[in-house]
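Listed below are the residues making up each chain.
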Amino acid sequence: MKTIAQQGFTLPEVLAALAMVGLAIGLIGSFASARIDAGKIHVKRAESRYVASLAVRAHRDGLLTGDVATAADLQAALPHLSVPARLGDGLTYRVALDGADPRILIDGETGTVRASFSASELRIPLWRARRLRQIR
(Lines give C-alpha, C1' and ligand atoms only; values in the text may rest on other atoms or scores of the structure.)
Protein backbone atom coordinates (compact mmCIF):
# COMPACT_ATOMS: atom_id res chain seq x y z
CA MET A 1 0.00 0.00 0.00
CA LYS A 2 1.23 3.44 -0.89
CA THR A 3 1.17 6.36 1.55
CA ILE A 4 -0.41 9.51 0.22
CA ALA A 5 1.81 12.57 0.55
CA GLN A 6 0.20 15.95 0.75
CA GLN A 7 1.43 18.51 -1.73
CA GLY A 8 0.82 22.18 -0.97
CA PHE A 9 -1.20 23.69 1.82
CA THR A 10 -4.73 23.09 2.95
CA LEU A 11 -7.33 25.84 3.05
CA PRO A 12 -7.23 26.30 6.87
CA GLU A 13 -3.44 26.66 6.77
CA VAL A 14 -3.65 29.28 4.02
CA LEU A 15 -6.36 31.23 5.87
CA ALA A 16 -4.38 31.13 9.12
CA ALA A 17 -1.25 32.39 7.35
CA LEU A 18 -3.20 35.21 5.65
CA ALA A 19 -4.76 36.20 8.99
CA MET A 20 -1.33 36.34 10.66
CA VAL A 21 0.14 38.40 7.82
CA GLY A 22 -2.84 40.77 7.99
CA LEU A 23 -2.43 41.21 11.74
CA ALA A 24 1.30 41.86 11.36
CA ILE A 25 0.70 44.47 8.65
CA GLY A 26 -1.97 46.12 10.79
CA LEU A 27 0.35 46.25 13.80
CA ILE A 28 3.19 47.70 11.76
CA GLY A 29 0.80 50.25 10.25
CA SER A 30 -0.49 51.37 13.63
CA PHE A 31 3.04 51.91 14.94
CA ALA A 32 4.03 53.73 11.75
CA SER A 33 1.01 56.03 11.81
CA ALA A 34 1.70 56.94 15.45
CA ARG A 35 5.29 57.80 14.57
CA ILE A 36 4.19 59.84 11.55
CA ASP A 37 1.71 61.78 13.70
CA ALA A 38 4.38 62.39 16.34
CA GLY A 39 6.75 63.62 13.62
CA LYS A 40 4.14 66.04 12.30
CA ILE A 41 3.51 67.40 15.79
CA HIS A 42 7.26 67.79 16.35
CA VAL A 43 7.69 69.70 13.08
CA LYS A 44 4.73 71.95 13.90
CA ARG A 45 6.13 72.76 17.35
CA ALA A 46 9.61 73.38 15.97
CA GLU A 47 8.23 75.78 13.38
CA SER A 48 6.18 77.58 16.02
CA ARG A 49 9.23 77.85 18.28
CA TYR A 50 11.23 79.27 15.38
CA VAL A 51 8.61 81.96 14.81
CA ALA A 52 8.50 82.65 18.56
CA SER A 53 12.29 83.01 18.62
CA LEU A 54 12.06 85.50 15.75
CA ALA A 55 9.50 87.44 17.78
CA VAL A 56 11.83 87.43 20.80
CA ARG A 57 14.64 88.75 18.64
CA ALA A 58 12.51 91.51 17.16
CA HIS A 59 11.10 92.43 20.58
CA ARG A 60 14.56 92.62 22.17
CA ASP A 61 15.76 94.87 19.36
CA GLY A 62 12.72 97.13 19.87
CA LEU A 63 11.36 96.43 16.40
CA LEU A 64 8.01 95.03 17.59
CA THR A 65 5.68 97.24 19.53
CA GLY A 66 2.22 96.58 20.83
CA ASP A 67 0.68 93.50 22.38
CA VAL A 68 -0.12 91.42 19.28
CA ALA A 69 1.87 91.07 16.06
CA THR A 70 1.02 89.25 12.85
CA ALA A 71 3.29 87.54 10.35
CA ALA A 72 3.35 90.73 8.27
CA ASP A 73 4.51 92.72 11.31
CA LEU A 74 7.30 90.23 11.94
CA GLN A 75 8.39 90.35 8.30
CA ALA A 76 8.43 94.16 8.40
CA ALA A 77 10.45 94.10 11.63
CA LEU A 78 12.95 91.55 10.29
CA PRO A 79 13.20 92.18 6.53
CA HIS A 80 16.50 90.31 6.17
CA LEU A 81 14.95 87.03 7.42
CA SER A 82 12.25 84.94 5.82
CA VAL A 83 9.30 84.79 8.18
CA PRO A 84 6.67 82.18 7.28
CA ALA A 85 3.28 83.74 6.56
CA ARG A 86 1.50 80.56 7.66
CA LEU A 87 2.51 77.51 9.61
CA GLY A 88 3.02 74.15 7.91
CA ASP A 89 -0.64 73.14 8.05
CA GLY A 90 -1.70 76.40 6.42
CA LEU A 91 -2.83 77.86 9.74
CA THR A 92 -2.43 81.56 10.34
CA TYR A 93 -0.83 82.72 13.54
CA ARG A 94 -0.35 85.79 15.68
CA VAL A 95 2.35 86.59 18.20
CA ALA A 96 1.14 87.76 21.60
CA LEU A 97 3.81 89.74 23.42
CA ASP A 98 3.52 89.51 27.18
CA GLY A 99 6.57 91.35 28.38
CA ALA A 100 9.54 89.45 27.00
CA ASP A 101 7.56 86.20 26.79
CA PRO A 102 6.07 85.85 23.29
CA ARG A 103 3.44 83.22 22.58
CA ILE A 104 2.29 81.98 19.21
CA LEU A 105 -1.49 82.04 18.96
CA ILE A 106 -2.60 79.66 16.26
CA ASP A 107 -6.00 80.36 14.72
CA GLY A 108 -8.28 77.37 14.77
CA GLU A 109 -6.61 75.81 17.79
CA THR A 110 -6.71 76.66 21.45
CA GLY A 111 -3.08 75.90 22.26
CA THR A 112 -0.26 78.39 22.36
CA VAL A 113 3.43 77.78 21.80
CA ARG A 114 6.12 79.60 23.73
CA ALA A 115 9.64 80.31 22.62
CA SER A 116 12.18 77.75 23.78
CA PHE A 117 14.30 78.41 26.83
CA SER A 118 17.22 80.77 26.59
CA ALA A 119 20.74 79.37 26.73
CA SER A 120 21.26 80.55 30.31
CA GLU A 121 18.15 78.68 31.46
CA LEU A 122 19.37 75.46 29.84
CA ARG A 123 22.40 75.37 32.14
CA ILE A 124 20.33 75.27 35.31
CA PRO A 125 17.69 72.74 36.36
CA LEU A 126 14.19 73.24 35.03
CA TRP A 127 12.66 73.75 38.49
CA ARG A 128 15.23 76.49 39.22
CA ALA A 129 14.58 78.26 35.90
CA ARG A 130 10.84 78.20 36.61
CA ARG A 131 11.46 79.63 40.07
CA LEU A 132 13.65 82.42 38.68
CA ARG A 133 10.98 83.36 36.14
CA GLN A 134 8.42 83.58 38.95
CA ILE A 135 10.69 85.83 40.97
CA ARG A 136 11.19 88.19 38.03
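Definitions and cut-offs
- Residues numbered from 1 in each chain as written.
- Predicted model: local features only at pLDDT ≥ 70, side-chain atom pairs only at ≥ 80, totals over all residues.
- Heavy atoms only, no water.
- Helix = DSSP H or I, 4+ residues; strand = E, 2+ residues; numbered from the N terminus.
- Buried < 20%, exposed > 50% of the residue type's maximum accessible area, 1.4 Å probe, protein only.
- Contact = heavy atoms within 4.5 Å.
- Areas by Shrake-Rupley, 256 points an atom, 1.4 Å probe, with all protein chains shown as cover.
- pLDDT = per-residue confidence, 0-100.
- Core = buried A, V, L, I, M, F, W, Y, C linked by side-chain atoms within 4.5 Å.
- Patch = residues over 30% accessible without salt bridge, like charges linked within 9 Å, V, L, I, M, F, W, Y side chains within 5 Å.
- Salt bridge = Lys/Arg side-chain N within 4 Å of Asp/Glu carboxyl O.
- Expected span 1.5 Å × (residues − 1).

A. A look at the overall build of the chain. Helix and strand content of the chain: 4 helices and 4 strands. In the chain, the succession of helices and strands from N to C terminus is α-β-α-β-β-β-α-α. For the chain, buried positions account for 19% of its 136 residues. Taking contacts inside the chain between residues at least 6 apart in sequence as the whole, the part at least 24 apart equals 41%. Summing over all exposed atoms, the chain offers an accessible surface of approximately 10200 Å²; the carbon and sulfur share of this is 61%.

B. Spotlight on the confidence of the model for the chain. Predicted confidence across the chain gives a mean pLDDT of 76, with 75% of residues reaching 70 or more. The least confident element of the chain, judged by mean pLDDT, is helix H3 (residues 119-122) at 48; the most confident is helix H1 (residues 11-60) at 86.

C. Focus on the nonpolar core. If you look at the biggest cluster of nonpolar residues, it comprises 15 residues, and the most contacted ones within it are Val51, Ala58, Leu64, Leu74, Tyr93 and Val95. With 4 residues, the single largest contributor to this core is H1. If we ignore the near neighbours within four places in the chain, the residues touching Leu64 are Ala55, Ala58, His59, Ala69, Asp73, Leu74, Ala77 and Leu97.

D. Here's a closer look at a nonpolar patch on the surface. Together, Phe9, Leu11, Val14, Leu15 and Leu18 line one region of the surface with nonpolar side chains, adding up to about 560 Å² of accessible area. With respect to the helices and strands, the residue Leu15 is situated in helix H1.

E. Quick look at H1. In a regular helix each residue adds 1.5 Å, so 50 residues correspond to 74 Å; H1 covers 73 Å between its end C-alpha atoms and thus fits that length. If you check which residues of H1 are buried, you get Lys44, Ser48, Val51, Ala52, Leu54, Ala55, Val56 and Ala58.

F. Spatial organisation of the environment of Lys40. Turning to its location among the elements, Lys40 is positioned in helix H1. On the basis of relative accessible area, Lys40 is assigned to the exposed category, the value being 56%.

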